Amino acid sequence: MKIIVTGGAGFIGSNFVYYELKNSEDEIICYDKLTYAGNLENLKYAEDNPRFKFICGDISNRDEVYRLFEFDAPDIVVNFAAESHVDRSIEDPELFLRTNIIGTSILLDACKKYGVKRFHQVSTDEVYGDLPLDRPDLFFTEKTNLHTSSPYSASKASADLLVQAYQRTYQIPATISRCSNNYGPYHFPEKLIPLMIINALNNKKLPVYGTGENVRDWLYVEDHCAAIDLIIRKGKVGEVYNIGGHNEKTNLEVVKTILKILGKGEDLIEFVTDRKGHDQRYAIDPTKIKTELGWTPKTKFDDGIKKTVDWYLENKNWWEKIISGEYQNYYAKMYGNR
Ligand code: NAD
Ligand code: TDX
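Residues numbered from 1 in each chain as written. Chains lettered and ligands numbered in written order. Predicted model: local features only at pLDDT ≥ 70, side-chain atom pairs only at ≥ 80, totals over all residues. Heavy atoms only, no water.

Draft legend 1. Quick look at the site of ligand 1. As a matter of local geometry, ligand 1 sits amid 28 residues, with Ile12, Asp32, Ser84, Tyr152 and Lys156 nearest to it. Tyr152 is positioned such that a nitrogen or oxygen atom in its side chain is 2.6 Å from an oxygen atom of ligand 1. At 2.9 Å, a backbone N or O of Asn182 approaches an oxygen atom of ligand 1. Out of a free accessible area of 830 Å², ligand 1 has 97% covered by protein chains. By residue number, the principal contributor to the shell around ligand 1 is strand β5 (residues 118-124), which donates three residues. Broken down by class, the residue content of the shell around ligand 1 amounts to 12 nonpolar, 12 polar and four charged. (Near = heavy atom within 4 Å. Polar contact = N/O pair within 3.5 Å; in protein donor to acceptor, adjacent residues only side chain to side chain. Areas by Shrake-Rupley, 256 points an atom, 1.4 Å probe, with all protein chains shown as cover. Helix = DSSP H or I, 4+ residues; strand = E, 2+ residues; numbered from the N terminus. Nonpolar A, V, L, I, M, F, W, Y, C, P; charged D, E, K, R; others polar.)

Draft legend 2. Focus on the site of ligand 2. Among the 21 residues in the neighbourhood of ligand 2, the closest are listed as Glu126, Tyr152, Arg275, His278 and Tyr335. One nitrogen or oxygen atom from the side chain of Glu126 is found 2.6 Å from an oxygen atom belonging to ligand 2. Here an oxygen atom of ligand 2 sits 2.7 Å away from a polar atom, N or O, in the side chain of Tyr335. In the complex, 94% of the free accessible area of ligand 2, which totals 660 Å², lies under the protein chains. Mapped onto the shell around ligand 2, the elements with two or more residues apiece are α6 (192-201) and β8 (206-209).

Draft legend 3. Region of the structure containing the environment of Tyr312. Relative to the helices and strands, Tyr312 is located in helix α10 (residues 301-314). On the accessibility criterion, Tyr312 (0% relative accessible area) is buried. C-alpha of Tyr312 to C-alpha of Lys256: the two residues are 56 residues apart in sequence and 17 Å apart in space. Those residues in contact with Tyr312 that lie beyond four places of it in its chain are Gly184, Tyr186, His187, Pro194, Ile197, Ile198, Trp318 and Trp319. Polar side-chain contacts of Tyr312 include one of 2.6 Å to the backbone oxygen of His187. (Buried < 20%, exposed > 50% of the residue type's maximum accessible area, 1.4 Å probe, protein only. Contact = heavy atoms within 4.5 Å.)

Draft legend 4. Broad picture of helix α8 (residues 251-262). Between its terminal C-alpha atoms α8 stretches 17 Å, which fits the 16 Å expected from 12 residues at 1.5 Å a residue. Along α8, the residues classified as buried are Asn251, Leu252, Val254, Val255, Ile258, Leu259 and Leu262. Down the axis of α8, the buried set is contained in an arc of 165°. They therefore lie on one face. Just downstream of α8, Gly263 is the residue with a positive phi angle, here 65°. (Expected span 1.5 Å × (residues − 1). Arc of directions from axis to C-beta.)

Draft legend 5. Broad picture of the environment of Asn214. Relative to the elements of secondary structure, Asn214 occurs in the loop between β8 and β9 (215-217). You can call Asn214 buried: its relative accessible area is 6%. Here the alpha-carbon distance between Asn214 and Val17, two residues 197 residues apart in the chain, equals 32 Å. The contact partners of Asn214, leaving out residues within four places of it in the chain, are Lys249, Thr250, Asn251, His278, Asp279 and Gln280. Polar side-chain contacts of Asn214 include one of 3.3 Å to the side chain of His278.

Draft legend 6. Summary view of the layout of surface pockets. In this structure, the largest pocket occupies an estimated 260 Å³ of space. Those elements that place two or more of their residues in the lining of the largest pocket are α3 (86-91), α4 (94-114) and α12 (327-335). Considering each element in turn, the lining of the largest pocket owes the most residues, four residues, to α12. Tallied by class, the residues present in the lining of the largest pocket amount to five nonpolar, two polar and seven charged. (1 Å grid on protein atoms, 1.4 Å probe; cavity = no way out; pocket = protein on both sides within 12 Å on 5 of 7 lines; lining within 4 Å. Points joined across faces, edges and corners; volume = space filled by probe spheres on them.)

Draft legend 7. Spatial organisation of α12. Regarding α12, the residues found buried are Tyr327, Tyr330, Tyr331, Met334 and Tyr335. Mapping the buried residues of α12 onto a view down its axis gives an arc of 95°, with all of them on the same face. Relative to its buried face, α12 has exposed residues pointing more than 90 degrees away, namely Ala332 and Lys333. Each element contacted by the buried residues of α12 is listed here: α3, α6, β8 and α11 (316-323).

Draft legend 8. Region of interest: the sheet that holds β5. Strand order in this open sheet of seven strands is β3-β2-β1-β4-β5-β6-β11, and the pairing throughout is parallel. Each edge of the open sheet is held by one strand with a lone partner, namely β3 (52-56) and β11 (240-243). Strand-to-strand, the axes of this sheet are offset by a mean angle of 20°, without reference to chain direction. Judged from the six bridges that link them, β5 and strand β6 (residues 174-179) form a sheet pairing that is parallel. Residue pairing across strands places Thr124 opposite Cys179, the latter belonging to β6. (Pairing = 2+ DSSP bridges. Axes fitted to C-alpha atoms, helices over the stretch in contact; angles between N-to-C directions.)

The structure is reproduced here in structure tokens:
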């Protein structure tokens, strides 16, 4: 089969490309605009594989997308392409609407026009909004109402609604997955875990928003890839699957764990102005994907975070190139006066 992986030069998409090249016989076409978050170096171990091809393109460009579907005739499309950072969406929402909503709708139109066996939308637990910190008994299930907090999550929820509308109206064979926070190799340094690892390695302050009590539910990226692989092959059309491994941690716990692994002092921690509209707690109930598809996460947080820190230690070149470029301006703008 032929699988188009949109956004395959980003964090999770590149891990998914490697997962498929290793675990399937399928042909993988990565279609990516190479925004600031897309990086061909993420795919350097795939480029010589005869089952892999890279095409540079934008999911919100209808002509380009139709050409892609016409020439490459995919069986399956997995849509990772998105603007993915909440803080950037708070500064400038418009691009999030264009890529995450219009881009998804154009991919769906292409599926309608050319036909596919499956369209899979990679969504997020953020579409459910947040849970209160004092109710550890509550979890997001697939039946939880959509209730978004940031322009990012609103754009992802809008895309989910479009996928469901196209599935019902035009019988597009679509599925949706909503995963909790990922971590692992190739994670762009703007996000919590890589940012804290890199700052600690450079003996720079670690900017924790608010009190650091907000809770995220962490999943090692390879476990997310395995779940998506199961859904595209065995998942039922029209269904939503939540993905998460019950690894809830406060941000402060995560930051302290990283400092401990690196043998650095907690004096590097700096509490800074909170994120606007900051979601309190995310927590996924993964019962459906476990019982219906037999998925279970393999990597425990304690092992995954050590593997991740090791990866950043061993791939200094990768992140040094990123943080020496435009990222400097981003960092000054977001953290300079915080
Ligand atoms: P990322 O920002 O690392 O990568 C996004 C990729 O999409 C980049 O390669 C970028 O170049 C590409 N892209 C952006 N706009 C594009 C466009 N218009 N056309 C084509 N390509 C474009 O993001 P990520 O963290 O890998 O997230 C991938 C997907 O998974 C996103 O849809 C995100 O909402 C979802 N998700 C992420 C997490 C997480 O913890 N990172 C958790 C759940 C769901
Ligand atoms: O410098 C920071 N300091 C800080 O305290 C950063 C970048 C983050 N934080 C906090 C905010 C969040 O509570 O850490 C937590 C995690 O932040 P992010 O890494 O920005 O992730 P989050 O906002 O939880 O969203 C992520 O998970 C869901 C991804 O970026 C999304 O793409 C995904 O959908």
